[in-house]
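The residues making up each chain are set out below.
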Amino acid sequence: MAQEYNKNISDQINILIQAPIAVAFLDNNLRYVAHSVKWCEDYKLQYTDIKGMYHYDLFPEISDEWKEKHQRVLKGAEESCDEELFTRKDGTEQWLKWSVKPWYNYDNEIAGMIIISEDITSKVILRKRDQLDYRILLSACTKAKIGTWHYNNINGELYWSNATKALHELPEDYQPDASTAILFYKEGESRDRITQAFINSLTKNESYDLELELTTAKGNSIWVRAIGQSDFVNGVCHRQYGTFEDISERKRKEHLSNLNSEKFQKLFRNSKVGVAIMDATTLKLLDVNKALATIVKLENTKLLDSSFEELIDKQDFCLWFDKLQKLLNRKCDHIKLPIKFNTSDGSIIYTQTICNVLEDEYGEPENLVIQIIDITNEKTANQERKVFVEEIMRKNDRLMNFAYIVSHNLRSHSSNISGLINFYLENDEADIKTKIISMLNDSSKNLNKTIEDLNQVVTIQTTQINIDSIPLHSFVQKILSSISLELLNSDYTINLDIQDHLIIDAFPPYLESALSNLITNSIKYRDQNKSLIIEIKAFQEDENCIISIKDNGLGIDLSRHQEKIFGMYKTFHTHDDANGLGLFMTKNQIEAMGGTISVKSEVGIGSTFTIKI
Amino acid sequence: MKTSKIWIIDDNPIDSYIVKTMLELNELSKDIHVFSNNKEALDSLEELNEDNSDGPIHIITENKTNAVNGWKLIKKMSNKFYEKKQKFNLKFHMTSEKYTEDDFEKFEKTDPLCSINKKPLRLDHLINMLQY
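Residues numbered from 1 in each chain as written. Chains lettered and ligands numbered in written order. Predicted model: local features only at pLDDT ≥ 70, side-chain atom pairs only at ≥ 80, totals over all residues. Heavy atoms only, no water.

Novice: Tell me what's going on with the overall build of chain A, and back it up with residues and numbers.
Specialist: Regarding its fold elements, chain A presents 20 helices and 22 strands. The C-alpha radius of gyration computed for chain A amounts to 59 Å, which surpasses the reference 25 Å derived for 613 residues by more than 25%, pointing to a less compact arrangement than a globule. Expressed as lengths along the three principal axes of its C-alpha atoms, the size of chain A is roughly 195 × 55 × 55 Å. When contacts within chain A are restricted to residue pairs at least 6 apart in sequence, long-range pairs at least 24 apart make up 50% of them. On chain A, roughly 36,400 Å² of surface is accessible, and the fraction owed to carbon and sulfur atoms is 51%. (Helix = DSSP H or I, 4+ residues; strand = E, 2+ residues; numbered from the N terminus. Rg over C-alpha atoms; globule rule 2.2 N^0.38 Å. Contact = heavy atoms within 4.5 Å. Areas by Shrake-Rupley, 256 points an atom, 1.4 Å probe, with all protein chains shown as cover.)

Novice: Tell me about the overall build of chain B, and please be specific about residues and values.
Specialist: Each helix and strand counted, chain B has 6 helices and 5 strands in total. Sequence-ordered secondary structure for chain B, helices as α and strands as β, is β-α-β-α-α-β-α-β-α-β-α. Considering only intrachain contacts with a sequence separation of at least 6, the fraction spanning at least 24 residues in chain B is 68%. Only carbon and sulfur atoms are counted for the fraction: they give 47% of the accessible area of chain B, which is about 7,000 Å².

Novice: I'd like to hear about the pattern of salt bridges, residue by residue, with values.
Specialist: Residue and element names in this part refer to chain A. For the structure on display, the rule yields 27 salt bridges over all chains. Here Lys-186 and Glu-213 are joined by a salt bridge, their closest N and O atoms 3.2 Å apart. Taken together, the positions of Lys-186 in the loop between helix 7 (178-181) and helix 8 (189-204) and Glu-213 in strand 8 (residues 208-215) put the pair 27 residues apart, joining distant regions of the chain. Look at Glu-213 and you get partly exposed, because its relative accessible area is 24%. Across the pair Lys-297 and Asp-345 runs a salt bridge, and its minimum N-O distance is 3.4 Å. Here the residue Lys-297 occupies a position in the loop between helix 10 (290-296) and helix 11 (300-305), and Asp-345 occupies one in the loop between strand 13 (335-342) and strand 14 (348-359), the gap between them amounting to 48 residues. Given the relative accessible area of 40%, Lys-297 is considered partly exposed. A network of salt bridges, in which partner residues are shared, links Glu-211, Arg-250, Lys-251 and Glu-254. (Salt bridge = Lys/Arg side-chain N within 4 Å of Asp/Glu carboxyl O. Buried < 20%, exposed > 50% of the residue type's maximum accessible area, 1.4 Å probe, protein only.)

Novice: Give me the nonpolar core: which residues, what numbers.
Specialist: Among soluble globular proteins, nonpolar side chains are generally buried collectively. Residue and element names in this part refer to chain A. Counting 46 residues, the largest nonpolar core has Leu-472, Leu-511 and Ile-547 as its most contacted members. At 7 residues, helix 18 (residues 508-524) tops the list of elements feeding residues into this core. Residues in contact with Ile-547, not counting those within four places in the same chain, are Leu-472, Ile-504, Leu-511, Leu-515, Ile-536, Lys-537, Ala-538, Phe-609, Thr-610 and Ile-611. If you look at the next biggest cluster of nonpolar residues, it comprises 27 residues, including Leu-303, Ile-339, Cys-355 and Ile-370. (Core = buried A, V, L, I, M, F, W, Y, C linked by side-chain atoms within 4.5 Å.)

Novice: Tell me about the interface of chain A and chain B, and please be specific about residues and values.
Specialist: Between chain A and chain B, the residue contacts involve 20 residues of the former and 17 residues of the latter. Across the chain A/chain B interface, buried area totals approximately 1,700 Å², and carbon plus sulfur atoms make up 61% of it. A per-class count over the side of chain A that touches chain B returns 6 nonpolar, 10 polar and 4 charged. (Buried area = accessible area lost by both parts, 1.4 Å probe. Nonpolar A, V, L, I, M, F, W, Y, C, P; charged D, E, K, R; others polar.)

Novice: Before we move on, could you go through empty space enclosed by the protein and cite the residues and values that matter?
Specialist: Residue and element names in this part refer to chain B. Under the definition given, this model contains 2 cavities of 30 Å³ or more. Among the elements of the structure, strand 1 (5-9), helix 1 (13-25) and strand 3 (57-62) are those that each provide at least two residues to the lining of the largest cavity. Of all the elements, helix 1 adds the most residues to the lining of the largest cavity, at 4 residues. Here the lining of the largest cavity is built from residues that sort into 7 nonpolar, 4 polar and 3 charged. (1 Å grid on protein atoms, 1.4 Å probe; cavity = no way out; pocket = protein on both sides within 12 Å on 5 of 7 lines; lining within 4 Å. Points joined across faces, edges and corners; volume = space filled by probe spheres on them.)

Novice: I'd like to hear about a positive patch on the surface, residue by residue, with values.
Specialist: On the surface, Arg560(A), Lys564(A), Lys72(B) and Lys76(B) cluster together into a positively charged patch. Within the element layout of this structure, Lys564(A) appears in the loop between helix 19 (558-561) and helix 20 (582-592). (Patch = residues over 30% accessible without salt bridge, like charges linked within 9 Å, V, L, I, M, F, W, Y side chains within 5 Å. Lys, Arg positive; Asp, Glu negative; His and termini not counted. Charge placed at Lys NZ, Arg CZ, Asp CG, Glu CD.)

Novice: Give me the lowdown on the sheet that holds strand 13 of chain A, citing residues and values where you can.
Specialist: All names here are of chain A. Taken in spatial order, the 5 strands line up as 12-11-15-14-13 in an open sheet, and their pairing is antiparallel. Bordering the open sheet on either side are strand 12 (285-288) and strand 13, each of which pairs with just one other strand. Sheet twist, expressed as the average angle between the axes of neighbouring strands with direction ignored, equals 30 degrees. As judged from the 9 bridges shared by strand 14 and strand 15 (residues 365-374), these two strands associate in the antiparallel manner. Bridge pairing links Val-357 to Leu-368 in strand 15. (Pairing = 2+ DSSP bridges. Axes fitted to C-alpha atoms, helices over the stretch in contact; angles between N-to-C directions.)

Novice: With reference to specific residues and values, describe the packing of helix 18 of chain A against helix 20 of chain A.
Specialist: Residue and element names in this part refer to chain A. Axis separation between helix 18 and helix 20 bottoms out at 9 Å; the angle between their running directions is 145 degrees. When you trace helix 18 past helix 20, the crossing you get is left-handed. Of the residues in helix 20, those in contact with Tyr-510, Ser-513, Ala-514, Asn-517, Leu-518 and Asn-521 of helix 18 are Gly-582, Leu-583, Thr-586, Gln-589, Ile-590 and Ala-592. (Left-handed = near helix turned anticlockwise from the far one by under 90°.)

Novice: Break down a negative patch on the surface for me, citing the residues and quoting the values.
Specialist: All names here are of chain B. Together, Glu-101, Asp-102, Glu-105 and Glu-108 line one region of the surface with negative charge. Summarising the element assignment, Glu-105 is placed in helix 5 (residues 101-109). Classification of Glu-105 as partly exposed rests on a relative accessible area of 45%.

Novice: Quick one: what's the story with the side chain of Ser96(B), residue by residue and with numbers?
Specialist: Residues and elements named next belong to chain B. As for its position among the elements, Ser-96 is in strand 4 (residues 90-96). Here Ser-96 falls in the buried class, since its relative accessible area comes to 3%. A polar side-chain atom of Ser-96 sits 2.7 Å from the main-chain carbonyl oxygen of Lys-98. Those residues within four positions of Ser-96 in sequence are excluded, and the remaining contacts are Asn-63, Asn-117, Lys-118 and Lys-119. (Polar contact = N/O pair within 3.5 Å; in protein donor to acceptor, adjacent residues only side chain to side chain.)

Novice: So, the environment of Ile519(A): which residues are in play, and what are the values?
Specialist: Residue and element names in this part refer to chain A. Here Ile-519 is to be found in helix 18. What makes Ile-519 buried here is its relative accessible area of 1%. C-alpha separation for the pair Ile-519 and Ile-483, spaced 36 residues apart in sequence, amounts to 8.7 Å. Once residues lying within four places of it in the same chain are set aside, the contact partners of Ile-519 are Ile-479, Leu-480, Ile-483, Ile-534, Ile-536 and Ile-549.

Novice: Now, about the side chain of Thr110(B): what can you tell me, with residues and values included?
Specialist: All names here are of chain B. Note on placement: Thr-110 falls in the loop between helix 5 and strand 5 (113-118). Of the residues examined, Thr-110 reaches a relative accessible area of 18% and is grouped as buried. Not counting the four nearest positions on each side in its chain, Thr-110 is found in contact with Trp-71 and Ile-74.

Novice: Please set out the packing of aromatic side chains residue by residue, giving values where relevant.
Specialist: Residue and element names in this part refer to chain A. A complete count under the given rule lists 21 aromatic pairs over all chains for this structure. Centre to centre, the rings of Phe-25 and Trp-103 are 5.7 Å apart; their planes meet at 70 degrees, and the pair counts as edge-to-face. Linking Phe-25 in strand 1 (residues 22-27) with Trp-103 in strand 4 (residues 93-104), this pair joins segments that are 78 residues apart in sequence. The class for Phe-25 is partly exposed, based on a relative accessible area of 21%. Judged by centre distance (6.1 Å) and plane angle (35 degrees), the ring pair of Trp-160 and Tyr-174 falls under tilted. With a gap of 14 residues between them, Trp-160 in strand 7 (residues 158-160) and Tyr-174 in the loop between helix 6 (162-167) and helix 7 connect regions that are remote in the sequence. By relative accessible area, which is 7% here, Trp-160 ends up buried. (Phe/Tyr/Trp six-rings, centres within 6.5 Å; stacked < 30°, edge-to-face > 60°.)

Laid out in structure tokens, this is it:
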């Protein structure tokens, strides 16, 4: 019996040794009777067999409190603790779940105690970390105004975190209720959507993430982001939970931004100003508006295939690109530059452009916005004005010159007359007096002539001219017949090269006067050593009619007289009829009809006058 | 009274006639040449070269007309003498109905120009010129 009992004990001890928990049997003197291998492992003892060893030798750090506890157990008490921290002599901390009980011998007397312990250090640390995380999360959520909630689908309990309550402007002691919670959402779209999402989550395990509007307990309207999901067990929803975030500010900004974007889009699309958005590095056009397509006469799609460089004048691009570097380096905040665009039909469009930078979220240049205003009309008007002003200035110069000459000539005659009269009065000699009277007569005639000239010139400036369509060939023939009397005495050839149907738009009296004067000049200033040849040619060039009158006469030294040739009272050859008024009048008449006259001449070769009307 | 050699350069025959006749009638000069433009006057410079007269030559010229430009004449004549290293006693006299500020400034700067006179010229103008 005793042998069987001993065998039983021995078996039990073997089982004990192999037990997966730390367990130790101590006798009344706290010496080890038996222990599991795990005991030595858990307490990191240097021995594997501690039978017979004294407990307090192995654990010298054991406190008096524990020693008392041991004594109580040896008297029959049972002690246990689910979680207790022990600090070992080497400083390590150990969390233990333990229980200490007395054990009894055959005689039912206390023979010692059983200590069972479980090292729960790692579990405790994990739990504490989770708790800390949870606290941090909660605090962060509260600070970020992110509320949490969960709903127990089994018992219908709804939990709201304080932040959730705060979002609803509810007191912390408010008890939410599943049936009324949904009523905070605004009636209509918001409430319908959350209801559907909640049902889908409940029945189909679909999570949701919605931006919705709700009205708080105090009646304020806010935007929230509601996120929810479910926990399903065996196809049944047990729990739903999620977060709740106030996004009113973001929504407000989004709204503003949308509004701005919409405004920009409207401006961009409908603007009369051409606008292009392009990549700041490749200079490819990313977007263009209709106005730009109209300005450069290209379709939007073709424009989007091109780079800015291809569209504009090369020199302008170099200038612009140079400024772009400064813009990108923030040395200026925009580029304002007149730029010439080469359109698809080959014409040039003058524009004024302003270029600004759009930055990405890191403040780096991302896109360029260029506004382009077509100023071709202004430019053309400007050029026309310039031409007009130049013409006015020239006319003014001519008038000044005219006034100077007239005043000089009139003065010259009046001075002659006054000089002659003085001289007449001071002289007694009859011969001289007769001579003076004759000179006074000449002077008076000259004065009349000058006044007549003056009158002619003034007439050109003031006459209302009426442009007619004149068949040039017959017109020139008529002029030639009227001056043929003068030609009778000369040996001459006139070559006419004018197409029969050629029509010129001019004022007949002026054209007649001008042509007649040029032809007469050719006759007057002929080279006596040559047979006179006059060639009169006329042809249409674009919208103008060109008439040229070429002779083989004396010619004029243009290197000396270029500027004076059409001047008043300028003569270049000695001839009785030369009065210095002909070419001046001719030029004035041609210009009055909106035409121009130019001359090529060489002394000894001849002259060619070209009229362009 | 010692008479001077006088050149009249003017494209207005009436002016030339009056001046020439006044000089002759008052016996102010017996050696008067009339030219109607600069070119004629410059061409006649050769004639001067052969002349050994050491008295002054008064040149009455015009400010600016089509054929005569007194300023250019003074410049060209002076240059011609400078080139030939000849020293003639040339006294220029400008005449005109009208002068500008510019003309008066040029007068100050033009050394051989002795007088500047307003047309119509009277006898006292001529006597005054010959005083130089």
